Amino acid sequence: MRQKIRSSFRLRFTLTIVLVILVPVLLTLAYLTYRGSQTIQTSAQEVLANQAGSLAQSVTAYDQASLLALDNMSRQPSITSMDPALQEPALISMAEVYSTMYLILTTDLEGTNVARSDGGEPLNYADRAWFQAAAAGED
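Residues numbered from 1 in each chain as written. Predicted model: local features only at pLDDT ≥ 70, side-chain atom pairs only at ≥ 80, totals over all residues. Heavy atoms only, no water.

Caption draft 1: Here's a closer look at the packing of helix α2 (residues 9-74) against helix α4 (residues 84-97). It is at 12 Å that the axes of α2 and α4 come closest, and there the two elements cross at 160°. The orientation of α2 with respect to α4, classified from their angle, is roughly antiparallel. When the axes of α2 and α4 are compared, the crossing they make is right-handed. Between α2, through Ala69, Leu70 and Met73, and α4, the contact on the second element is made entirely by Ala90, Leu91 and Met94. The residue inventory of the contact of α2 with α4, partitioned by class, reads 6 nonpolar, no polar and no charged. (Axes fitted to C-alpha atoms, helices over the stretch in contact; angles between N-to-C directions. Helix = DSSP H or I, 4+ residues; strand = E, 2+ residues; numbered from the N terminus. Parallel < 35°, antiparallel > 145°, perpendicular 65-115°, else oblique. Left-handed = near helix turned anticlockwise from the far one by under 90°. Contact = heavy atoms within 4.5 Å. Nonpolar A, V, L, I, M, F, W, Y, C, P; charged D, E, K, R; others polar.)

Written as structure tokens, this is what we have:
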């Protein structure tokens, strides 16, 4: 059989043509697959970067809006009065408008609740970092 393969011009020619065509086709296919995966990966990274940037902007805008709302509330006469009977309706109203704020409260200088938007029992927040920073004069 080997003798037949070696001596058959037609068979050797066919095998040579197959190898000459098949090798470049396989190399081209491998290159295109590699480049395609690179393109898809780059595109996916760009989409994720854009979405992350958009999410960061949304979070920043939400934070800014919340800070402005709280700053506005802190300037209202019903809040600055430090009278729980006046503060509680204002806090409840704000919690209804800003439903993402689950608890809005005011504290006295010792950290104890004056009024709460949920009508719960007064708690002492003197040990919390946000209270300590505010008591020290920070925003």
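Caption draft 2: Structural view of the environment of Ala134. Checked against the element boundaries, Ala134 lands in helix α5 (residues 129-135). For the pair Ala134 and Leu109, spaced 25 residues apart in sequence, the C-alpha separation works out to 9.6 Å.

Caption draft 3: Seen up close, the pattern of salt bridges. In total, this model carries 3 salt bridges according to the counting rule given. Note that Arg75 is salt-bridged to Asp71, the shortest N-O span being 3.1 Å. On the accessibility criterion, Asp71 (34% relative accessible area) is partly exposed. Linking Asp127 and Arg128 is a salt bridge whose minimum nitrogen-to-oxygen distance equals 3.5 Å. Judged by its relative accessible area of 38%, Arg128 falls in the partly exposed class. (Salt bridge = Lys/Arg side-chain N within 4 Å of Asp/Glu carboxyl O. Buried < 20%, exposed > 50% of the residue type's maximum accessible area, 1.4 Å probe, protein only.)

Caption draft 4: Region of the structure containing the nonpolar core. Counting 10 residues, the largest nonpolar core is built from Ala69, Met73, Ile79, Ala90, Leu91, Met94, Ala95, Met101, Ile104 and Ala115. Mapped onto this core, the elements with two or more residues apiece are α2 and α4. Once you skip the residues sitting within four places of it in the chain, Ile79 turns out to touch Met73, Ser74, Gln87, Ala90, Leu91 and Thr106. (Core = buried A, V, L, I, M, F, W, Y, C linked by side-chain atoms within 4.5 Å.)

Caption draft 5: Quick peek at α2. The terminal C-alpha atoms of α2, which comprises 66 residues, lie 97 Å apart, in line with the 98 Å expected from a rise of 1.5 Å per residue. Listed as buried for α2 are Ser66, Ala69 and Met73. The inward-facing, buried residues of α2 abut α3 (77-80) and α4. (Expected span 1.5 Å × (residues − 1).)

Caption draft 6: Region of the structure containing the pairing of strand β2 (residues 113-116). Pairing of strand β1 (residues 105-107) with β2 involves 3 bridges; the strand directions are antiparallel. Residue pairing across strands places Thr106 opposite Ala115, the latter belonging to β2. Here β1 folds back onto β2 in antiparallel fashion, the turn holding 5 residues, of which Gly111 has a positive phi close to 100°. (Pairing = 2+ DSSP bridges.)

Caption draft 7: Molecular detail of the packing of aromatic side chains. Evaluation of the coordinates by the stated rule reveals 3 aromatic pairs. With 5.8 Å between their ring centres and 20° between their planes, Phe9 and Phe13 make a pair best called stacked. Here Phe9 and its partner Phe13 are both found in helix α2, 4 residues apart, which amounts to about one turn of the helix. Classification of Phe9 by relative accessible area gives exposed; the value is 59%. According to the relative accessible area criterion, Phe13 is partly exposed, its value standing at 46%. Note on Trp130 and Phe131: the rings are 6.3 Å apart at their centroids and 85° apart in plane angle, and the pair reads as edge-to-face. Taking relative accessible area as the criterion, Trp130 reaches 46% and is therefore assigned partly exposed. Ring pairs connect the aromatic residues Tyr125, Trp130 and Phe131, which therefore count as one cluster. (Phe/Tyr/Trp six-rings, centres within 6.5 Å; stacked < 30°, edge-to-face > 60°.)

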